[in-house]
Amino acid sequence: MNHTPKPDDRSDNVEKLQNMVQNTIENIHEAEQSMKTASEEQQQQIRNKNERRRESIAAMGDEIKDEYHSQHE
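Parameters at a glance
- Residues numbered from 1 in each chain as written.
- Predicted model: local features only at pLDDT ≥ 70, side-chain atom pairs only at ≥ 80, totals over all residues.
- Heavy atoms only, no water.
- Salt bridge = Lys/Arg side-chain N within 4 Å of Asp/Glu carboxyl O.
- Buried < 20%, exposed > 50% of the residue type's maximum accessible area, 1.4 Å probe, protein only.
- Helix = DSSP H or I, 4+ residues; strand = E, 2+ residues; numbered from the N terminus.
- Polar contact = N/O pair within 3.5 Å; in protein donor to acceptor, adjacent residues only side chain to side chain.
- Expected span 1.5 Å × (residues − 1).
- Contact = heavy atoms within 4.5 Å.

The subject of this paragraph is the pattern of salt bridges. Summed over the entire model, instances satisfying the criterion amount to three salt bridges. The salt bridge partner of Lys16 is Asp12, with a shortest N-O separation of 3.6 Å. Looking at Lys16, the relative accessible area reads 46%, which means it is partly exposed. Overall, the relative accessible area of 28% leaves Asp12 in the partly exposed class. The shortest N-O distance in the salt bridge between Glu40 and Arg47 comes to 3.1 Å. Glu40 sits in the exposed class, given a relative accessible area of 53%.

Structure follows, in structure tokens:
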């Protein structure tokens, strides 16, 4: 049985990260819409979660830049 690792193919990482950012943005919008019918406690939980999502988007943006630069050196 051959147990050699697969080569590290990072060629589509930028695209995958961009899709993750887009999905996260959509989740923020959906969560904000759900706040209309949420209790005050639920609204605070949504605000907290959306803040973490925005932080993730910023981190993914940095990662996209790094990946792009590493692919185009």
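A separate point is the side chain of Asn50. Assignment of secondary structure puts Asn50 in helix H2 (residues 40-71). There is a polar contact of 2.8 Å between the side chain of Asn50 and the side chain of Arg53.

Right, let's talk about H2 for a bit. Relative to the 46 Å expected for 32 residues at 1.5 Å per residue, H2 spans 46 Å between its end C-alpha atoms, a close match to the ideal helical length. Here H2 has its buried residues at Gln43, Ile46, Asn50, Arg53, Ile57, Met60, Ile64 and Glu67. Check the buried side of H2 and you find it contacts helix H1 (13-34).

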